[in-house]
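# Observations on the model geometry
Okay, here's what each chain looks like letter by letter:
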There are 2 protein chains.
Amino acid sequence: MPQTEEPARRATAAEVARRAGVSPAVVSYVVNGGPRNVAPGTAARVRDAVRDLGYRPNRAARALRRGSTGIVGLVIPRVANPFMAELSEAVQDAAARRGLAVLAAGSGNEPDVERELLQTLPRHGVDGLLVATVLGHADPPPGTAPGLPTVYLNAPFPVGGRCAVGPDATQGARLVVDHLLAVHGHRSVALVTGESGARRAGARELGWQQALAAYDAAPGPVVRVGWDRRGGSAAVAALLAGPQRPTAVFATSDAQALGVLHGLRAAGVRVPEDVAVVGFDGIEEAAYAAPPLTTAKQPVAAMAEAALDALERPGGPVEGHQVLGLDLVVRESCGCPAPPD
Amino acid sequence: MPQTEEPARRATAAEVARRAGVSPAVVSYVVNGGPRNVAPGTAARVRDAVRDLGYRPNRAARALRRGSTGIVGLVIPRVANPFMAELSEAVQDAAARRGLAVLAAGSGNEPDVERELLQTLPRHGVDGLLVATVLGHADPPPGTAPGLPTVYLNAPFPVGGRCAVGPDATQGARLVVDHLLAVHGHRSVALVTGESGARRAGARELGWQQALAAYDAAPGPVVRVGWDRRGGSAAVAALLAGPQRPTAVFATSDAQALGVLHGLRAAGVRVPEDVAVVGFDGIEEAAYAAPPLTTAKQPVAAMAEAALDALERPGGPVEGHQVLGLDLVVRESCGCPAPPD
DNA sequence: ATGAAAGCGCTAACAC
DNA sequence: GTGTTAGCGCTTTCAT
């Protein structure tokens, strides 16, 4: 066992100070790089002592004293929702770059649970809160602890009186639907989207309408289902039952689009030959669908950065709505050819 | 604005005490239900004051005093890994039931980052650590902070000197491969698994070998690739290139299996007609693959519960390895018929 | 049954 | 440039 045995009990700043022959204040100055200067020699002695003792500042004490913990809370519907998982990862990465840790909590899509999370997370001493809802952001938004910096993430619309960042959902929707119309000549494009009432559906729905309008195409059938794969799968019956079957489908989330693909396959309908399908989100899974899904990719990394920027802004996040553009990712489900090997 | 305006600054125990006409000690007794008794009338007054003031104990102060935070750390490779997302969700749910919060951090599959996380997470004041690696658990395991309760999650093998809980990976692998052999009569089953050196591959590989041996079938080709979809996809070339093409493929993760499906489709090979494919993990996505994937479902909820039980055990987690069984989930990729509608 | 008071470990204002 | 010291808000021992 050549390994140096670390002390079971953690060293305190006072112990470091004693060992370095200085006062605890100086230890603090050195560890935190301020607020007062320390002579180079002294600082070196302190750093040695810190190393020798394996000293790590006690987070709780620091938090108590400073009133901040270096932890941000993240409220999402479900981590197992693939898009939310990718967004979470982006948030974690961005947070890690800033020396912040992320306390994530899933609401299970339950507004009540979400409301409760907004109460309990602050109790865990988070410095700020990132709230990403699928259900759509109610107006007024559910109250977060007053005084706790909060930014709404993945918000397609402004959130009354709050700071929000999100995708330019209308632009993204227009992008994929326009592709269907312009490149593949579709004129009957169905919409598969979330339960009505969710404001989030609105922005994507609007993009679909706008794209259609630009080509003088009448809106195809609209079917409202859950935001997940199961919802998309369930939508297929309605899609196929209508008087005239649409030639293309725009699903407002990739999960729904994947469900649509699944349902279509079970029904023996070929994609893209019989019906073209496009999604929205740009999750990794979409690239591995059969056929690979054409979709609009959300700028998750940029959204995460923007949200943390807003959260860390001195003076707190400022009311407003920052939207980021999406990119079109063309694959085969729209009817485009597979890329040459 | 009928809403009661909450005070911007949080109420302290002292304020509650003043309002209830008692001492801070009594507030603590009431809030924590101990360690001393309080007269019912007094307790009621305190509870009223707590409600009126919207009092929430300051976590940092409590943590400082008690030396525990109610936060457990979770180290995973990537949240965007679908299986890890489902495992995370299970951990979060189980933790929430116990009043614990989860601080999750992804290592991006980098052993160095993981080692670093094991150092930094404790600094954030977590009470315990759950470590779930894909890379396989090195022996000896990377050192966590001494004295910090740690349990290895998703560990298919015992972790030297540590507490570990994981799937009975060998049994799970046997389950799916046996299905291929017994029900569908395959005798040439290829293995798609992770980079060699990862001990985790071993358990699943062993199950494959055992199932084959039980039927006197020779081991099919083995191809080692990354644990993700891309790995599975990349494995296809090797699978198809061999002297005699296997009639079935066992991929040791669903992600790999999904990649195999993708690669096979691109190569124009039909599943299950030309080649059967089975996976391992039981992620939601598998149900929506084309064709829907037959797989072994990991008991994520039970593993999460077991891990937290171990973590919370008075006296700390105890060395050992607890394995939980998997269930066979039969779908179409093995050659079984689609369930009647 | 209740209160007074010490102190968890750290930071930063203030004194030298 | 460095030391002294007063708390941050809470829990809990000890005294009443």
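Residues numbered from 1 in each chain as written. Chains lettered and ligands numbered in written order. Predicted model: local features only at pLDDT ≥ 70, side-chain atom pairs only at ≥ 80, totals over all residues. Heavy atoms only, no water.

For chain A, an unreviewed UniProt entry supplies the name Transcriptional regulator, LacI family and the organism Microlunatus sagamiharensis.

### Some remarks on the overall build of chain A
Helix and strand counts for chain A come out as 11 helices and 12 strands. Counting every position in chain A, which comprises 341 residues, the buried fraction comes to 52%. A sequence separation of at least 24 residues applies to 70% of the contacts in chain A between residues at least 6 apart. With an accessible surface of roughly 14,500 Å², chain A has 51% of that area assigned to carbon and sulfur atoms. Charge-centre separation for chain A: the mean point of 33 positive side chains lies 9 Å from the mean point of 33 negative side chains. (Helix = DSSP H or I, 4+ residues; strand = E, 2+ residues; numbered from the N terminus. Buried < 20%, exposed > 50% of the residue type's maximum accessible area, 1.4 Å probe, protein only. Contact = heavy atoms within 4.5 Å. Areas by Shrake-Rupley, 256 points an atom, 1.4 Å probe, with all protein chains shown as cover. Lys, Arg positive; Asp, Glu negative; His and termini not counted. Charge placed at Lys NZ, Arg CZ, Asp CG, Glu CD.)

### Brief notes about the protein's contact with DNA strand C
Lining the immediate environment of DNA strand C, one finds 28 residues, of which Ala13, Arg62 and Arg65 of chain A together with Ala39 and Thr42 of chain B sit closest. The sugar and phosphate moieties of DNA strand C supply 64% of its atoms located within 4 Å of the protein. Asn58 of chain A is positioned such that a nitrogen or oxygen atom in its backbone is 3.0 Å from a phosphate oxygen of DNA strand C. In this structure, a base nitrogen belonging to DNA strand C sits 3.5 Å away from a main-chain N or O atom of Ala61 of chain A. (Near = heavy atom within 4 Å. Polar contact = N/O pair within 3.5 Å; in protein donor to acceptor, adjacent residues only side chain to side chain.)

### Some points on the relation of the copies chain B and chain A
Turning chain B through 180 degrees and shifting it by 0.1 Å along the axis lays it on chain A, with an RMSD of 0.2 Å. What the rotation and shift describe, once combined, is the action of a two-fold rotation axis. Comparing interface residues between copies, 96% of those in chain B also lie at the interface in chain A; the contact surface is shared. (Least-squares fit on C-alpha atoms with pLDDT ≥ 70 in both.)

### Quick look at the environment of Leu308 of chain B
All names here are of chain B. Relative to the assigned elements, Leu308 resides in helix α11 (residues 300-312). Considered as a pair, Leu308 and Ala95 are 213 residues apart in the sequence and their alpha carbons are 7.2 Å apart. With residues near it in sequence (within four places) discarded, Leu308 still touches Val91, Ala94, Ala95, Arg98, Leu100 and Leu130.

### Concerning the interface of chain B and chain A
Opposite the 48 residues of chain B that make contact, chain A presents 47 residues. When the two sides are added together, the surface that chain B and chain A hide from each other amounts to roughly 4,200 Å², 56% of it contributed by carbon and sulfur. Summed over the shared surface of chain B and chain A, the result is 8 salt bridges. Here Arg265 of chain A makes a salt bridge to Glu332 of chain B, at a shortest N to O gap of 3.7 Å. Going through the elements one at a time, α4 (59-66), α5 (82-97), β2 (101-106), α6 (111-123), α9 (229-241) and α10 (254-266) of chain B are the ones with two or more residues in the side of chain B that touches chain A. Sorting elements by how many residues they give to the side of chain B that touches chain A places β2 of chain B first, with 6 residues. Grouping the amino acids of the side of chain B that touches chain A by side-chain chemistry returns 23 nonpolar, 11 polar and 14 charged. (Buried area = accessible area lost by both parts, 1.4 Å probe. Salt bridge = Lys/Arg side-chain N within 4 Å of Asp/Glu carboxyl O. Nonpolar A, V, L, I, M, F, W, Y, C, P; charged D, E, K, R; others polar.)

### Describing the UniProt feature "domain: HTH lacI-type" (unreviewed entry) in chain A
Here the UniProt-annotated "domain: HTH lacI-type" (unreviewed entry) positions come out as residues 11-66 of chain A. The distance from the first to the last C-alpha atom of residues 11-66 of chain A is 20 Å, and the span holds 70% helix and 0% strand. (UniProt positions renumbered as here; feature names shortened; annotations may be inferred.)

### A closer look at helix α11 (residues 300-312) of chain A
Turn by turn, an α-helix covers 3.6 residues, leaving residues three or four places apart pointing in a common direction. A rise of 1.5 Å per residue sets the reference length of α11 of chain A, with its 13 residues, at 18 Å; its end C-alpha atoms lie 18 Å apart and thus fit the reference within 8%. On its buried face, α11 of chain A is in contact with β1 (71-76), α5 (82-97), β3 (128-132), β4 (150-153), β5 (163-167) and β11 (320-324) of chain A. (Expected span 1.5 Å × (residues − 1).)

### Regarding empty space enclosed by the protein
Per the stated rule, a full pass over the model turns up 8 cavities of 30 Å³ or more. Taken as a whole, the largest cavity spans an internal volume of roughly 210 Å³. Taken together, 16 residues make up the lining of the largest cavity; nearest its centre are Tyr288 and Ala289 of chain A together with Tyr288, Ala289 and Ala290 of chain B. Residues of the lining of the largest cavity, tallied by class, amount to 10 nonpolar, 2 polar and 4 charged. (1 Å grid on protein atoms, 1.4 Å probe; cavity = no way out; pocket = protein on both sides within 12 Å on 5 of 7 lines; lining within 4 Å. Points joined across faces, edges and corners; volume = space filled by probe spheres on them.)

### Considerations on the packing of helix α9 (residues 229-241) of chain A against helix α10 (residues 254-266) of chain A
All names here are of chain A. Where α9 meets α10, the closest approach of the two axes is 6 Å, and the angle between their N-to-C directions is 50 degrees. In this view, α9 runs oblique relative to α10, as classed from their interaxial angle. Between α9 and α10 the crossing geometry is right-handed. Residue-level inspection shows Arg229, Gly232, Ser233, Val236 and Leu240 of α9 in contact with α10, the latter providing Ala255, Gln256, Gly259, Val260, His262, Gly263 and Leu264. (Axes fitted to C-alpha atoms, helices over the stretch in contact; angles between N-to-C directions. Parallel < 35°, antiparallel > 145°, perpendicular 65-115°, else oblique. Left-handed = near helix turned anticlockwise from the far one by under 90°.)

### Some remarks on the sheet that holds strand β7 (residues 222-224) of chain A
Residue and element names in this part refer to chain A. In space, the 4 strands of this open sheet follow the order β7-β6-β8-β9, with parallel pairing throughout. The open sheet is flanked by β7 and β9 (276-278), the only strands paired with a single partner. Each strand axis lies, on average, 20 degrees off the axis of its neighbour in the sheet, ignoring direction. Along the sheet, α10 contacts β6 (189-193), β8 (248-251) and β9; its crossing angle with β9, the most-contacted strand, is approximately 155 degrees. (Pairing = 2+ DSSP bridges.)

### Some thoughts on the sheet that holds strand β9 (residues 276-278) of chain B
All names here are of chain B. Judged by pairing direction, the sheet is parallel, and its 4 strands sit side by side in the order β7-β6-β8-β9 without closing on themselves. Each of the sheet's edge strands pairs with one partner strand only, and the pair in question is β7 (222-224) and β9. Geometrically, the sheet is characterised by an average inter-axis angle of 20 degrees between neighbouring strands, direction not taken into account. Bridging between strand β8 (residues 248-251) and β9 involves 3 bridges; their strand directions are parallel. Residue pairing in the sheet places Ala248 in a bridge with Ala276 of β9. Packing against the sheet, α10 makes contact with β6 (189-193), β8 and β9, and its axis sits at approximately 155 degrees to β9.

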